[in-house]
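Structural characterization, general
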Amino acid sequence: MRQRAMWSAVLVVGLALAGCGSASDSGKSTSSDGKLVVWDWKSGEPFAKSYLDKAKADFKKKHSDVEVEFVAQPFDQYYTLLGAAIQSGKGPDVMLFNGGGQIRDRVDALVPLNDYVTEDKQRLAGWEAFTKDAKIYASPVTLQGYPIYYNKAIYQKANLDPASPATTWDKFTADCTAIAKAGAKCFALGNKEGVGIQFWLSSLGSTTLTAQEYDAWITGKRDWQSPNVKRLFQLWKEAGDKKMNSDGANSTAMFNDSFALFQSGKAAHVMGLMSDVGHWQDFNEFLTPEKLGVMKAPIVTAGTTPSLPYDGGIGYAVAKWTKDPKMAADLVRSLSSADALKAFYADAGAIAADTTIDVSQAGPAVATLVSELKSGKPALHVALSSKTLDLMGRLSQQLLSGSITVDEVVKQLAASDQAG
Amino acid sequence: MPIGNTQPSVRPAQAGRAGGAVVTPSAHRKGARPRRARGGLRAERYAPYILVAPAVLIIVLLRLYPLLLGVNFSFTGDGEQNGTAVGFGNYRELFADPLFQTALGNVGLLVLLLPVAVAIPGLLATFIYLRVPGHRFYRSVYFFPAVLSPVIVGAIFNMLLAFDGPLNAVLSSVGVGPVDWLGDPDLAMFMVVGVHIWATFGMALVVFLAGFATLDAALLDAARVDGASLRQVVWHVIIPSLSRTIQFVFVTTMIGMLTSMFGLLYVMTTGGPEGSTYLPEYYIWIKQGQMNRPALASAASTILFMIMLVVGLLQIKLLERAGKED
């Protein structure tokens with residue numbers, strides 16, 4: 001027994017010594033010559049096939065001898081897996097990212113692409129979401145925006161004019177009262193994951209914050225104590241208190257229960273997306289293009305102009321450990337080439353980053369969205385770190401349940417925002 | 001225990017190394033104590049270690065070493081500080097984080113709810129053992145949820161407990177207002193634990209039924225003849241006779257609650273509302289995957305490991321004591 005104890009002691013000490021300082025290494029490459037490995041969460045799906053075929057064909061023209069392997073990861077574990085890859089310094093050469101916090105938190109592991117993508121700068125939109133400190137880390141594939149969709153049929157039922165939705169917040173709340181009388185809720189809201197507040201913030205940001213405040217927010221100079229910023233959270237609380245939202249918002253999943261509520265006509269409005277899910281093509285299953293409207297954000301603060309909040313949605317980035325960054329960057333460019341993006345728009349129902357694509361076939365809602373891209377601005381929530389967004393999600397649930405004040409919310413968010 | 005017929009535990013090794021010249025297998029069979037050569041003695045002494053070496057190596061390389069790396073890693077920083085030592089910085093951050101405090105508080109809540117989780121299968125098993133009408137039917141029905149994956153169970157209860165779901169519809173038909181089962185921070189954790197118990201009590205029930213199989217029926221008959229009520233039978237006959245089974249179920253249920261709630265949490269509440277249903281496991285997953293804080297996640301993992309270690313040691317003590325009583 002004593003001997004065994006001694007042996008285990010020796011073992012533990014030995015291991016402890018061996019363990020020191022080797023927890024994280026970086027800068028190793030796994031890619032063999034003539035092969036590029038790409039990680040994403042799209043390539044396994046049927047709608048991505050023609051997009052990938054086009055992108056691969058484009059890349060083949062430049063590097064005919066290089067093989068490209070796409071590895072589709074499950075989205076709910078994507079960043080966990082990627083985190084492990086980054087930690088070990090081994091992984092794919094090219095990887096797909098969501099714009100905003102998810103890529104900005106991980107730029108340590110990426111190659112700046114500024115020198116490689118100069119030719120694409122004009123053709124594509126949405127670069128800001130993939131940029132940190134003036135360095136571009138990914139080429140945008142889709143644009144993600146946060147428009148307010150409305151159900152024209154419910155407007156008619158409530159004796160409202162579907163062609164001219166409210167332009168001011170007061171008129172909007174009055175409309176909502178009429179909608180409530182017609183038996184529908186004003187907003188379909190799913191805030192189980194705490195994402196509802198993000199859409200709220202961005203959808204109403206342009207008409208609540210002044211233009212200066214908005215631009216300062218995007219560049220990182222956020223004044224959380226400003227009355228207009230507080231107003232955004234007050235409105236959120238008021239909408240909850242006045243029962244404008246669908247019932248049980250804190251236990252309703254945004255994806256896709258809240259969108260289902262909107263589609264099935266139980267709520268008149270939803271703050272949705274432009275690409276991937278919860279958007280014009282998704283709703284088409286039940287809401288025909290004629291019934292689906294897109295409205296500008298109603299004006300909350302006098303003197304503001306509504307603009308469509310949007311950013312680069314997803315984009316491909318190059319890992320630091322890849323052997324030939326130039327080659328990997330060429331692949332990234334092929335994945336954002338005009339032909340490939342056209343296929344992505346047509347099959348996946350996304351607003352592609354290439355704004356020259358013709359979308360006139362997809363119905364009035366899409367035409368409205370694309371026409372608003374020019375005057376659009378980056379979305380407010382995308383500028384926040386994932387840590388602050390996570391906190392904001394929980395605080396927004398507390399606001400809805402009434403267990404916290406707006407002042408306390410902005411105080412906590414300001415602390416989290418300044419910490420990093 | 002037969003004496004004088006002791007066989008060496010590692011006969012093949014000894015026979016092989018000693019060359020069979022000194023000791024023959026037949027000598028063993030006759031029970032004669034062999035004269036051991038020094039080489040044979042040494043071989044015999046090291047043989048157990050050699051034999052367990054592969055298993056130990058696997059455990060050391062694949063379990064202990066990564067564990068130590070993880071602990072080591074928890075003392076380094078994240079992001080720009082990747083790889084540099086930060087001392088107890090991660091641990092300080094953890095204990096200052098209200099979310100992690102909630103997660104630890106929920107572990108305490110699970111421990112408090114443990115008696116309920118054991119009592120339910122215990123009582124139901126008792127009823128089945130006492131042959132209530134339809135006991136055969138109940139025996140199979142009770143076990144059924146145990147074969148479902150937590151994801152499926154979570155999805156089913158998500159629908160049942162939704163604000164506009166069937167449970168609230170039933171309640172409103174009897175005039176009780178709708179309850180936001182999964183959206184109320186005071187309720188949500190109890191709902192998740194309740195669903196977890198519902199989904200897993202079948203296993204404990206089977207263990208209890210196995211325990212009942214060893215119960216002396218004469219004792220029950222005697223109690224009945226003496227006019228004991230059902231409560232008295234349960235309290236004075238069944239519980240004392242099944243004490244070891246009950247302790248075993250306590251241990252396994254505790255482990256189950258602390259280690260396999262992730263799937264349910266992920267599907268039913270995603271840690272919410274207001275972060276009220278976080279458990280350390282879920283916290284670790286969020287920090288590592290969503291927040292890109294692997295070192296902080298390592299620190300949280302280390303704390304979870306410590307908790308499990310303490311709980312595990314307590315349980316071993318408990319089982320040892322139960323073993324001695326027998």
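Residues numbered from 1 in each chain as written. Chains lettered and ligands numbered in written order. Predicted model: local features only at pLDDT ≥ 70, side-chain atom pairs only at ≥ 80, totals over all residues. Heavy atoms only, no water.

For chain A, the count of helices and strands is 16 helices and 13 strands. If you line up chain A on its principal axes, its C-alpha atoms span 80 × 65 × 40 Å. Considering chain A as a whole, with its 420 residues, one finds that 56% of them fall into the buried category. For chain A, restricting intrachain contacts to residue pairs at least 6 apart in sequence, the fraction spanning at least 24 positions comes to 79%. Counting only carbon and sulfur atoms, one obtains 53% of the accessible surface of chain A, whose full area is about 17400 Å². (Helix = DSSP H or I, 4+ residues; strand = E, 2+ residues; numbered from the N terminus. Buried < 20%, exposed > 50% of the residue type's maximum accessible area, 1.4 Å probe, protein only. Contact = heavy atoms within 4.5 Å. Areas by Shrake-Rupley, 256 points an atom, 1.4 Å probe, with all protein chains shown as cover.)

This part takes up the UniProt feature "domain: ABC transmembrane type-1" (unreviewed entry) in chain B. Taken from the UniProt record, the annotation "domain: ABC transmembrane type-1" (unreviewed entry) applies to residues 99–315 of chain B. The span residues 99–315 of chain B is 75% helix and 0% strand, and its two end C-alpha atoms sit 28 Å from each other. (UniProt positions renumbered as here; feature names shortened; annotations may be inferred.)

Between chain B and chain A, the residue contacts involve 36 residues of the former and 36 residues of the latter. Here chain B and chain A share an interface that buries about 2900 Å² over both sides, 53% of which is from carbon and sulfur atoms. On the chain B side of the contact with chain A, Glu274, Met291 and Asn292 of chain B bury the most area, a combined 19% of that side's loss. Counting every contact that joins chain B to chain A gives zero salt bridges. Broken down by secondary-structure element, the contributors of at least two residues to the side of chain B that touches chain A are α3 (38–73), α13 (262–268) and α14 (280–290) of chain B. Top contributing element to the side of chain B that touches chain A by residue count: α3 of chain B, with eight residues. For the side of chain B that touches chain A, the per-class residue count stands at 18 nonpolar, 14 polar and four charged. (Buried area = accessible area lost by both parts, 1.4 Å probe. Salt bridge = Lys/Arg side-chain N within 4 Å of Asp/Glu carboxyl O. Nonpolar A, V, L, I, M, F, W, Y, C, P; charged D, E, K, R; others polar.)

Once that is clear, we can look at the pattern of salt bridges. All names here are of chain A. Under the definition given, this model contains 22 salt bridges over all chains. Residues glutamate 69 and lysine 35 are paired through a salt bridge, measuring 2.9 Å at the closest nitrogen-oxygen approach. Within this pair, whereas glutamate 69 is found in strand β2 (residues 67–72), its partner lysine 35 is found in strand β1 (residues 35–40), the two being separated by 34 residues in sequence. Between aspartate 390 and arginine 394 there is a salt bridge, with its nearest N and O atoms 2.8 Å apart.

Residues and elements named next belong to chain B. Taken from the UniProt record, the annotation "transmembrane region" (unreviewed entry) applies to residues 46–65, 107–130, 142–163, 187–215, 248–268 and 295–314. In residues 107–130, the share of helix is 96% and the share of strand is 0%. The end C-alpha atoms are 35 Å apart. Secondary structure content for residues 187–215 is 90% helix and 0% strand, and the end C-alpha separation is 39 Å.

On to the packing of helix α7 (residues 196–208) of chain A against helix α9 (residues 227–241) of chain A, then. Residues and elements named next belong to chain A. Look at α7 against α9: their axes get within 10 Å of each other, and the N-to-C directions meet at 125°. Classified by the angle their axes make, α7 and α9 are oblique. Like other packed secondary-structure pairs, α7 and α9 cross with a definite hand, here right-handed. Judged by residue contacts, Gly196, Ile197, Trp200, Leu201, Leu204, Gly205 and Thr208 of α7 engage Asn228, Arg231, Leu232, Phe233, Leu235, Trp236 and Ala239 from α9. (Axes fitted to C-alpha atoms, helices over the stretch in contact; angles between N-to-C directions. Parallel < 35°, antiparallel > 145°, perpendicular 65-115°, else oblique. Left-handed = near helix turned anticlockwise from the far one by under 90°.)

A separate point is helix α3 (residues 75–88) of chain A. All names here are of chain A. Here α3 spans 20 Å end to end across 14 residues, near enough to the 20 Å set by a 1.5 Å rise per residue. Looking at α3, one finds that the buried residues are Tyr78, Tyr79, Thr80, Leu82, Gly83, Ala85, Ile86 and Gln87. Just downstream of α3 lies glycine 89, where phi reads positive at about 70°. (Expected span 1.5 Å × (residues − 1).)

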